[in-house]
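# Coordinates in review
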Amino acid sequence: GDTVLEAVGLTKHFPVRGGLLRARRHLHAVDDVNVVLRRGHVTAMVGESGSGKSTVARLLAQLHPRTSGEIRLHGEPVSVRSGRSFRAYCRRVQMVFQDPFASLNPVHTIRYHLTRALRIHGRMGKDDTALEELLARVQLSPASRYLDKFPHELSGGQRQRVAIARALAADPEALLADEPVSMLDVSIRLGVLNLLRDLKDRLDLAILYITHDIASARYFADEVLVMYAGQVVEGGDSETVTQNAAHPYTRLLIASAPDPDRIAGKAAREEEVKGEPPSLIDPPPGCRFHPRCPLAMPRCRTQAPPRLPVGDQDGHWAACWLYAAEGAG
Ligand code: ATP
Ligand code: SF4
Ligand code: MG
């Protein structure tokens, strides 16, 4: 589909103090990440805790200034974090957070939250029609049952639906969903993912779906990006990445996933990703996965692997020396 939002070389280094003499150093939370969000298309970003997924979402939502890299909306670079084009950007790119409780104000009703969002975007009419439409979109109907309730009077799934409705009040083109179901009861996760999929199809939304759970990425996403220690280490269409994982980290991630029946991989549960992710403070050169990689070679310790094409699937790549052409280097 058409590209809505694109980030190239997205990088975020947080200044931190540490070590001897509490010297000023940099935590490389996100390093040289490329992401493309397309109309009617879900891009999943998968990786363990601390790999930089939320930072990518926050950079795309312009909640953090970036250290370097470019963000483009419909091909136009987005630079300044203020002014009219910034406000237009914020309308078109909406975020859905992990914890719907934290993102809804407990002292206000659902009506208040949604009315406010509609007003900000100039979409609130004289009666409740727009509110009813929004709630119907997220399958909360009749609206009268929900509008005058407070967040704590709803279930977790209903609250997340309200948070999604609030994002939709802006009539966005892209949704950045940061672990939108991970705080919800396992039994209702699928319902919320199916709702997002339905909205994507009906509203032609571009969705970034952030998750720890590679099985849900396979189910829900068209494309999967695997994050490790602030970098994307593998990318491709979701079927290929989950069925024919190329990067040693992706393979271990799949093998250690909690529900082996939902994912391929005979070695499921027999292996886990051993060791700790590297420190992101002034990380060493080379492949960031090399201390944990069962296939590490000498060059992996000193040279960072480039993104290399894998197999014959268009667009499948891995940042791993295993895929360098024979004899090169
Ligand atoms: P999780 O799965 O636990 O949500 P994540 O993949 O979303 O993890 P991030 O929250 O993006 O990871 O964090 C990436 C790294 O950046 C972590 O080492 C984190 O401690 C660091 N980090 C995030 N925000 C800040 C900040 N404001 N200042 C300093 N370091 C930060
Ligand atoms: Fe392992 Fe080397 Fe590939 Fe890194 S580049 S994942 S260390 S084989
Ligand atoms: Mg996160």
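Rules of the game
- Every chain's residues receive numbers from 1 upward, in the order its sequence appears when written.
- The lettering of chains begins at A and the numbering of ligands begins at 1, in the order of writing.
- Only residues with pLDDT of at least 70 get local features here, since the model is predicted, and only at 80 or more are side-chain atom pairs given and counted; chain-wide, interface and lining totals rely on the full set of residues.
- Think of the side-chain values as coming from all heavy atoms in the structure, minus any hydrogens and water.
- For each residue, the test is whether any non-hydrogen atom lies within 4 Å of the molecule or strand; if one does, the residue is near.
- Pairs of N or O atoms within 3.5 Å make up the polar contacts considered here, provided that, within protein, one atom can donate a hydrogen while the other can accept it, and that residues adjacent in sequence are counted only when both atoms are side-chain atoms.
- Using a 1.4 Å probe, accessible areas were evaluated by the Shrake-Rupley method; residue-level cover was limited to the displayed protein chains.
- By definition, any uninterrupted DSSP run of H or I lasting at least four residues is a helix, any uninterrupted run of E lasting at least two residues is a strand, and each is numbered from the N terminus.
- Any residue outside Ala, Val, Leu, Ile, Met, Phe, Trp, Tyr, Cys, Pro, Asp, Glu, Lys and Arg is labelled polar, Gly included; the first ten of those are nonpolar and the last four are charged.
- For cavity detection a 1 Å grid was placed over the protein atoms alone, and a set of points counts as a cavity when a 1.4 Å probe fits there but cannot get out; an open set counts as a pocket when protein lies on both sides within 12 Å along at least five of seven lines, with lining residues being those that have an atom within 4 Å of a point.
- Grid points are joined across faces, edges and corners, and a volume is the space filled by probe spheres set on the points.
- Angles shown run from 0 to 180 degrees and are taken between the N-to-C directions of axes, each axis being a line fitted to C-alpha atoms and, for helices, limited to the stretch in contact.
- With respect to orientation, any angle under 35 degrees is reported as roughly parallel, any angle over 145 as roughly antiparallel, any angle of 65 to 115 as roughly perpendicular, and every other angle as oblique.
- With the far helix as reference, a near helix turned anticlockwise by less than a right angle produces a left-handed crossing, and one turned clockwise produces a right-handed crossing.
- Residue contacts are defined here by distance: any two heavy atoms, one from each residue, within 4.5 Å place the two residues in contact.
- Whether two strands pair depends on DSSP finding at least two bridges between them.
- Note: pLDDT gives the predictor's confidence per residue, expressed from 0 to 100.
- We count a salt bridge whenever a side-chain nitrogen from Lys or Arg sits within 4 Å of a carboxyl oxygen from Asp or Glu.
- Relative accessibility thresholds used throughout: buried, under 20% of the residue-type maximum; exposed, over 50%; partly exposed, between the two (1.4 Å probe, protein chains only).

Bringing the site of ligand 1 into the picture now. With respect to spatial proximity, 14 residues lie near ligand 1, and among them S49, G50, K53, S54 and T55 are the closest. Contacts to ligand 1 include S54, whose side-chain N or O atom sits 2.8 Å from an oxygen atom. Here an oxygen atom of ligand 1 and a side-chain polar atom of E179 are 3.5 Å apart. For ligand 1, whose free accessible area comes to 630 Å², the fraction covered by protein is 64%. Of all the elements, helix α1 (residues 53–60) adds the most residues to the shell around ligand 1, at 3 residues. Here the residues of the shell around ligand 1 sort into 4 nonpolar, 7 polar and 3 charged.

The subject of this paragraph is empty space enclosed by the protein. Taken as a whole and assessed by the stated rule, the structure comprises 1 cavity of 30 Å³ or more. Within this model, the largest cavity holds a volume of roughly 100 Å³. Along its surface, the largest cavity is lined by 14 residues, and P248, C287, C293, C300 and C320 are the ones closest to its centre. Residue composition of the lining of the largest cavity, by class: 12 nonpolar, 2 polar and no charged.

Let's shift gears to the packing of helix α4 (residues 110–120) against helix α6 (residues 156–168). Contact geometry for α4 and α6: axes closest at 8 Å, N-to-C directions at 20°. Taken together, the axes of α4 and α6 are roughly parallel relative to one another. For the pair α4 and α6, the sense of crossing is right-handed. Contacts between α4 and α6 involve I110, H113, L114 and A117 from the former and V162, A165 and R166 from the latter.

A word on the layout of surface pockets. Unoccupied space between atoms shows up once a probe the size of one water molecule is rolled over them. If you add up the space inside the largest pocket, you get close to 540 Å³. Looking at the largest pocket, it is lined by 25 residues, and the ones nearest its centre are Q94, M95, F97, H121 and R166. When residues of the lining of the largest pocket are traced back to their parent elements, those giving at least two are α2 (83–92), β6 (93–96), α4 and α6. For the lining of the largest pocket, the class distribution of residues is 14 nonpolar, 7 polar and 4 charged.

Judged by pairing direction, the sheet is antiparallel, and its 4 strands sit side by side in the order β2-β1-β4-β5 without closing on themselves. Strand pairing shows two members of the sheet lacking a second neighbour, β2 (23–38) and β5 (76–77), which therefore form its edges. α1 rests against β1 (3–18), β2 and β4 (68–73) of the sheet, and its axis sits at about 120° to β1.

Attention shifts here to the environment of V162. Relative to the helices and strands, V162 resides in helix α6. When the C-alpha positions of V162 and L114 are compared, they lie 8.1 Å apart, and in sequence the two are 48 residues distant. Excluding anything up to four places from it in sequence, V162 contacts L104, I110, L114, L140 and L154.

A residue-level look at the protein finds 93% of positions with pLDDT of 70 or above and a mean pLDDT of 90. Across residues 260–270 the pLDDT falls below 50, and counting only partners more than four positions away or on other chains, this stretch makes 17 contacts in the model.

Here we come to the side chain of S103. By the element assignment, S103 lies in helix α3 (residues 100–103). Here S103 is in contact with F97, A163 and R166, once residues within four sequence places are set aside.

Glancing now at the environment of L21. Among the secondary structure elements, L21 is positioned in the loop between β1 and β2. C-alpha separation for the pair L21 and A165, spaced 144 residues apart in sequence, amounts to 49 Å.

For the structure shown, the criterion picks out 14 salt bridges. Across the salt bridge formed by R92 and E173, the nearest N and O atoms sit 2.8 Å from each other. Taken together, the residues span a long stretch of sequence, with R92 in helix α2 and E173 in the loop between α6 and β7 (174–178) at a distance of 81 residues. We classify R92 as partly exposed; its relative accessible area is 26%. One salt bridge connects D148 with R111, and the closest N-O pair in it is separated by 2.9 Å. Taken together, the positions of D148 in the loop between α5 (129–137) and α6 and R111 in helix α4 put the pair 37 residues apart, joining distant regions of the chain. A relative accessible area of 27% means that R111 is categorised as partly exposed. Three or more residues joined by partner-sharing salt bridges are found here, namely E6, E70 and R72.

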